[in-house]
Amino acid sequence: MKIYIAYACIAMMVFQLLTPLAVFATDQIVLASEATDTLVEHSEPVAVADETIESVSQSVAPALVVDDTEFSPKSDSLPVASIATAQIDQQLPQIQNDGHILISKVQIGNVESTKNEFVELYNNSDHTVSLAGWRLEFLTEKHNGMDAPTRILKSFTTQVLDPHSYYVVSYQGYLMTPVSDTSFDINVSSGSLPLNGAIRLRDSTLVVADLVGWGNSLNYETTASIANANGSIDRCIDKAGNMIDTNDNRGDLLAYSYADGLSLRSSPACAGQQNIDAPEVNMCGGVQLSEIHANTSGDQYIEVVNIADREVNLSGCSLQTNRSATARFTFSDTIIPANDYVIVFIKDTSLTLTKTTTGTVYLLSSDYQHEIDAQTYSSLPVDMSWARFDEGWQQTYDVTPGSYNQLRQHQSCAEGYGRNEQTGRCNKVAQVVTTVECGEGKYRSEDTGRCRQIPAASVLAACKLGQYRSEETNRCRNLVTANALTPCKENQYRSEETNRCRNLASAANQLVPCKENQERNPETNRCRNVTNAVPAAAFAVKPVGDSSKAFIGWWALGGVTMAALLYAGWEWRYEIRQWIRYIPTFSIRRK
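Our subject in this report is the structure included herewith. (Residues numbered from 1 in each chain as written. Predicted model: local features only at pLDDT ≥ 70, side-chain atom pairs only at ≥ 80, totals over all residues. Heavy atoms only, no water.)

On to the state of the cysteines. Inspection of every chain in the model, using the stated rule, returns seven disulfides. Each disulfide pairs two cysteine sulfurs, and for C284 the partner residue is C317, the sulfurs being separated by 1.8 Å. In this structure, the disulfide formed by C284 and C317 twists by about 110° around the S-S bond and is classed as right-handed. Of this pair, C284 sits in the loop between β13 (254–257) and β14 (287–293) while C317 sits in the loop between β16 (312–313) and β17 (318–321), and the two are 33 residues apart along the sequence. No difference in accessibility class separates C284 from C317, as the two residues are buried. (Disulfide = S-S within 2.5 Å. Helix = DSSP H or I, 4+ residues; strand = E, 2+ residues; numbered from the N terminus. Buried < 20%, exposed > 50% of the residue type's maximum accessible area, 1.4 Å probe, protein only.)

Our next topic: the sheet that holds strand β11 (residues 208–214). Through backbone hydrogen bonds, the strands of a sheet pair up, either in parallel or in antiparallel fashion. The strand order β6-β5-β10-β11 describes an open sheet built from four strands, whose pairing is antiparallel. Only two strands of the sheet have a single neighbouring strand rather than two, namely β6 (151–155) and β11. For this sheet, the mean inter-axis angle between neighbouring strands, taken without regard to orientation, is 15°. Here strand β10 (residues 197–202) pairs with β11 via six bridges, running antiparallel. Its bridge partner being in β11, L201 is matched across the sheet by D210. (Pairing = 2+ DSSP bridges. Axes fitted to C-alpha atoms, helices over the stretch in contact; angles between N-to-C directions.)

Once that is clear, we can look at unusual backbone geometry. For C284, which is not glycine, the phi torsion reads 50° and is therefore positive. C284 sits in the buried class, given a relative accessible area of 2%.

Residue placement: H100 occurs in the loop between β1 (95–96) and β2 (101–108). Note on H100: relative accessible area 35%, which makes it partly exposed. Other than its neighbours up to four places away in sequence, H100 contacts Y122, N123, N124, S125 and D245. A distance of 3.2 Å separates the side chain of H100 from the side chain of D245, its partner in a polar contact. (Contact = heavy atoms within 4.5 Å. Polar contact = N/O pair within 3.5 Å; in protein donor to acceptor, adjacent residues only side chain to side chain.)

Here we come to the pattern of salt bridges. If you walk through the whole model with that rule in mind, you get 13 salt bridges. The partner of D373 in a salt bridge is R388, with the nearest N and O atoms 2.9 Å apart. In this pair, D373 is assigned in strand β22 (residues 371–377) and R388 in strand β23 (residues 385–389), connecting sequence segments 15 residues apart. Judged by relative accessible area, R388 falls into the partly exposed class, the value being 22%. Several salt bridges converge on common partners, so that one network encompasses R135, E137, R200 and R202. (Salt bridge = Lys/Arg side-chain N within 4 Å of Asp/Glu carboxyl O.)

Time to look at the pairing of β11. Burial analysis of β11 places five of its seven residues in the buried class, which makes it a mostly covered element. Once β10 ends, the chain turns through five residues before running back antiparallel as β11, passing L206 with a positive phi of about 70°.

The next point concerns the packing of aromatic side chains. Within the structure shown, the criterion is met by five aromatic pairs. Geometrically, the ring pair formed by F156 and Y167 is edge-to-face, given 5.9 Å between the ring centres and 70° between the ring planes. Of the two residues, F156 is situated in the loop between β6 and β7 (160–161) and Y167 in strand β8 (residues 166–170); the sequence distance between them amounts to 11 residues. Taken as a pair, F156 and Y167 share a single burial class, namely buried. Ring centres of Y301 and F345 lie 6.0 Å apart, and the angle between their planes is 65°; on these two criteria the pair is classed as edge-to-face. With a gap of 44 residues between them, Y301 in strand β15 (residues 301–306) and F345 in strand β20 (residues 341–345) connect regions that are remote in the sequence. Judged by its relative accessible area of 31%, F345 is partly exposed. Directly above the ring of W570 sits R573, whose terminal nitrogen or CZ lies 3.9 Å from the centroid. (Phe/Tyr/Trp six-rings, centres within 6.5 Å; stacked < 30°, edge-to-face > 60°. Lys NZ or Arg CZ within 6 Å of the ring centre and 35° of its normal.)

This is how it looks when you write it as structure tokens:
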């Protein structure tokens, strides 16, 4: 009985645990069925007509667009609207990922701030496109186009773009009218879009949907668009409502300023689309500004270059400066060959170029509505041009109207001065001193470099009588003559070496006999003592005198020797006796 009671308790406990799980599963099934019913209600009229599709998109849009801050995938449970949104993305047939999404407008900043940036997208197709998984990327000027992007401006999640509609992404905090749809994921302190660069739009499979490059960027379609620092670059809309896309950034995206009255989520009509009878607009493709020579004492000019590989007709295109909004110089039927230049001298136009302050030059299309190129300069030194180079615009003193620009950062030095390559300053060139020949009777001293008088023979006074001039000292010396010397006395003669008188002596009485134990030195003829000592030499033996001391020494030496022999005989007596005995035996053996 106790066993049955235990089994009953266990069964009750299991039932209590399973009941909540069953209720939760039932609720989920009900929610799923309700969501499915809702989908069926909205998806039935999709294939009827475009108006029905539009009404469906409007009714479903609130459920589709879920703000990233409100929808968190990390939450424990999803709301019913979120579940329905995920199912609608998978089931609605009009939402596709192969739509023609274009970058329709780009602003890299304006005169107010470099942070006033935005990128506008446009759905150029006739069906709704989901941007889930798409990315808007920025590439730097020198990016190779293959590596990872410099920065990801926006990673799209649940955004959906209706046919022929816009979507705007701007720098965080940039307030526009109308307000942008979202902001950049990464906002650099000085602005996320510099003067040169590119924007790449990639779909969920990382295939490039569109690419727009401007300025000196290495990434673009056919030709990079100009970098418009005073407005934006926009695509135009044709008569059929389609946005132009010829895969040429410079031809497709044109520069517009604030004066054009453009705003977000609107595009200008393409040239000739509003009025069929209107003349064709000349965009002067491939032509750009090359050199601006403003602050000069001579003639001011603007240089235009054709960088295309074909000739371009400049007819109708014009130049304009910031000094006047109406004054323009319009080109007539002017043909500019490929890689050639056209010079416009300001004195021949109504234009005015700013010299010492900031100025801007514009190159406009024939309808004055499109900014083909623009360049701003400021504080140019006198006779210095603002010119375009491969590295960008720089100041140069080498003014080259009508030819390839040459970079020279220093003005020519004045005559007699040369440029120091290390300091960049003009230093006076040392003059080469030409040596003037000395006059007659003079010579140039090697030590001082000055002219000196050549000593003449007449300068030296003649020596007095009885004197001569010494070759060594060039002075006069007395001549010693025979009669100038006092005659030697009798029995004397004059020595040739000392020129003195010496006594003459005969052979008999000249030399006094030397004393006993003396001899006459043959060299000096003088007497000297005779010595019995033999001169010491390394090989000579000195004589030893024989004396009684020497005799006693010999006897002492003999006695010592005899005593040593007797001692030796006594010590070796046994050996001597054996040796004496051995002598007869040895003699017998020999026989």
